[in-house]
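Reading the structure
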Amino acid sequence: MQITVLGAGSMGHGIAQVSAMAGHDVVLRDVEEAFVEDGLEGIRDNLQGGVDRDKVTEAEMEATLGRIEGTTDLEAAVDGADLVVEAVPEDMDLKQEVFADVEAAADEETVVASNTSSLSVTEMASALERPERAIGLHFFNPPHIMDLVEIVVAEQTDDRTESFAVEYVEDLEKEAVVVRDTAGFASSRLGVATGLEAIRMVEEGVASPADIDEAMKIGYGYPMGPLELTDHVGLDVRLHIAEHLREELGERFKPPQTLRRKVRAGNLGKKSGEGFYVWEDGERVGTSGDWGEADE
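Residues numbered from 1 in each chain as written. Predicted model: local features only at pLDDT ≥ 70, side-chain atom pairs only at ≥ 80, totals over all residues. Heavy atoms only, no water.

As named in an unreviewed UniProt entry, the protein is 3-hydroxybutyryl-CoA dehydrogenase, taken from Halostagnicola kamekurae.

This is the structure:
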């Protein structure tokens, strides 16, 4: 198939990569050439890392890169696409605008998907003249490593679109779970609840961020602790989602003050170099704040 991904950030270029690795032709589009180039470079780095770890062959890397092209031209990007996945910032007005622009330029049968982690796909779909083609495809970060994709069925989504989405995810050799379009879906709702409680535990001095994360990894089999995951996702993103869930579901999702303070200070996690941990060159090297212990 021809897959178009709108937004070349960490999620967007990851979705483009896994689609191309599955054999699909992919167009990666963003609003500025520099963003597109950064996304393509991210894909190259991911693939080279796979080669270095003997997870990907040189031939697979070259074949994947050969299936991906970048552009800033929206109309050219969606022309002939079987599936368009938007991975733009979590803003409803922006996502509705993108959906409408895609419908104006794409074929009538093109499926239009959102990678949103918490916003209403039903509300996004209302921007379309044919809302039955809309669906949520919530990939997990980083998409080339995480196996789960949450398929979010909007109120308007028809059976053809849902079946298409399930087959696409299975074709990527990922696990699909199908959920109704409710606030936070299933994964974000549970994941944010755990993350917020972990932050409150740090506030109360229950344990260090590293020990809280180790408890969840060893005791509950988490691949990554909730505080380290917050650093990977971005503290600003987690705050935005928590505020949305608080509005939709109530005070149990009220963001802790520590989260607000860190975001105000620009400590957004891995992308800024500090969140609950300290990061250098993408690696965790210490713990932020009063705990201050260095990681091994």
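**Comments concerning the UniProt feature "domain: 3-hydroxyacyl-CoA dehydrogenase NAD binding" (unreviewed entry) in the protein**
Mapped onto the present numbering, the UniProt feature "domain: 3-hydroxyacyl-CoA dehydrogenase NAD binding" (unreviewed entry) falls on residues 2-182. With 43% helix and 22% strand, residues 2-182 has end C-alpha atoms that lie 29 Å from one another. (UniProt positions renumbered as here; feature names shortened; annotations may be inferred. Helix = DSSP H or I, 4+ residues; strand = E, 2+ residues; numbered from the N terminus.)

**Considering the environment of alanine 87**
Locating alanine 87 in the fold gives a position in the loop between strand S4 (83-86) and helix H5 (92-105). Note on alanine 87: relative accessible area 17%, which makes it buried. For alanine 87 and leucine 137, which are 50 residues apart along the polypeptide, the C-alpha to C-alpha distance reads 9.8 Å. (Buried < 20%, exposed > 50% of the residue type's maximum accessible area, 1.4 Å probe, protein only.)

**Notes on the packing of aromatic side chains**
Counting across every chain of the model gives zero aromatic pairs. A cation over a ring is seen here: lysine 262 above phenylalanine 276, with NZ or CZ 5.2 Å from the ring centre. In this structure, arginine 284 packs its charged tip against the face of tyrosine 277, placed 3.9 Å from the ring centre. (Phe/Tyr/Trp six-rings, centres within 6.5 Å; stacked < 30°, edge-to-face > 60°. Lys NZ or Arg CZ within 6 Å of the ring centre and 35° of its normal.)

**Notes on the confidence of the model for the protein**
Looking at the protein as a whole, its pLDDT mean stands at 94, while 98% of the residues score no less than 70. Note that residues 292-296 has pLDDT below 50 and, in this model, twelve contacts with residues that lie over four places away or in other chains. (pLDDT = per-residue confidence, 0-100. Contact = heavy atoms within 4.5 Å.)

**As for the domain arrangement of the protein**
Many analyses report the size of an interface as the accessible area lost when the parts associate. Looking at the protein, the domain boundaries give domain 1 (2-180) and domain 2 (186-287). Its C-alpha centre places domain 1 at a distance of 26 Å from the equivalent point of domain 2. Across the boundary between the two partners, domain 1 contributes nine residues, which contact seven residues of domain 2. Carbon and sulfur atoms make up 52% of the surface buried where domain 1 meets domain 2, a total of about 700 Å² over both sides. If you look at where domain 1 meets domain 2, you find zero salt bridges. Here the residues of the side of domain 1 that touches domain 2 sort into three nonpolar, four polar and two charged. (Domains from an automatic or database assignment. Buried area = accessible area lost by both parts, 1.4 Å probe. Salt bridge = Lys/Arg side-chain N within 4 Å of Asp/Glu carboxyl O. Nonpolar A, V, L, I, M, F, W, Y, C, P; charged D, E, K, R; others polar.)

**Notes on helix H11 (residues 235-249)**
With 15 residues, H11 should cover 21 Å at 1.5 Å per step; its first-to-last C-alpha distance of 20 Å lies within 8% of that length. Residues of H11 that are buried in the fold lie against helix H8 (187-203), helix H10 (226-233) and helix H12 (257-264). Backbone geometry just after H11 places glycine 250 at a positive phi near 115 degrees. (Expected span 1.5 Å × (residues − 1).)

**A short note on the UniProt feature "domain: 3-hydroxyacyl-CoA dehydrogenase C-terminal" (unreviewed entry) in the protein**
Per the UniProt record, the feature "domain: 3-hydroxyacyl-CoA dehydrogenase C-terminal" (unreviewed entry) sits at residues 184-279. Summarising residues 184-279: 62% helix, 3% strand, and an end-to-end C-alpha distance of 28 Å.

**Concerning the side chain of threonine 161**
Position of threonine 161 among the secondary structure elements: in helix H7 (residues 159-171). Dropping the residues within four chain positions of it, threonine 161 is found in contact with Val111, Glu132, Arg133, Ala134 and Ile135.

**Section: the pairing of strand S5 (residues 111-114)**
Alternating positions in S5 separate into two faces, Val111 and Ala113 on one and Val112 and Ser114 on the other, with burial throughout. Both S4 and S5 contribute to a ladder of four bridges, which runs parallel. Each residue of the ladder has a partner; that of valine 85, found in S5, is alanine 113. Tracing the backbone out of S4, into H5 and back to the parallel element S5 gives a crossover that is right-handed. Pairing of S5 with strand S6 (residues 134-139) involves three bridges; the strand directions are parallel. In the strand pairing of S6, alanine 113 is matched with isoleucine 135. (Pairing = 2+ DSSP bridges. Right-handed = clockwise from strand over helix to strand, strands pointing away.)

**A closer look at the nonpolar core**
Residues Leu83, Leu137, Phe139 and Tyr168 are the most contacted members of the largest nonpolar core, which totals 32 residues. Aside from chain neighbours lying at most four places away, what touches leucine 137 is Leu83, Val85, Ala113, Ser114, Asn115, Val149, Glu150, Ile151, Ala165, Tyr168 and Val169. Core analysis: the second largest hydrophobic core is formed by 20 residues, Val202, Ala210, Ile241 and Ala242 among them. (Core = buried A, V, L, I, M, F, W, Y, C linked by side-chain atoms within 4.5 Å.)

**With respect to the pattern of salt bridges**
Using the criterion set out here, one finds 13 salt bridges in the structure. With a closest N to O distance of 3.9 Å, arginine 133 and glutamate 103 form a salt bridge. With arginine 133 in the loop between helix H6 (121-125) and S6 and glutamate 103 in helix H5, this pair connects stretches of sequence that are 30 residues apart. For the pair formed by arginine 133 and glutamate 103, the shared burial category is buried. One salt bridge connects glutamate 109 with arginine 130, and the closest N-O pair in it is separated by 3.9 Å. In this pair, glutamate 109 sits in the loop between H5 and S5 while arginine 130 sits in the loop between H6 and S6, placing the two residues 21 residues apart along the sequence. Look at glutamate 109 and you get partly exposed, because its relative accessible area is 45%.

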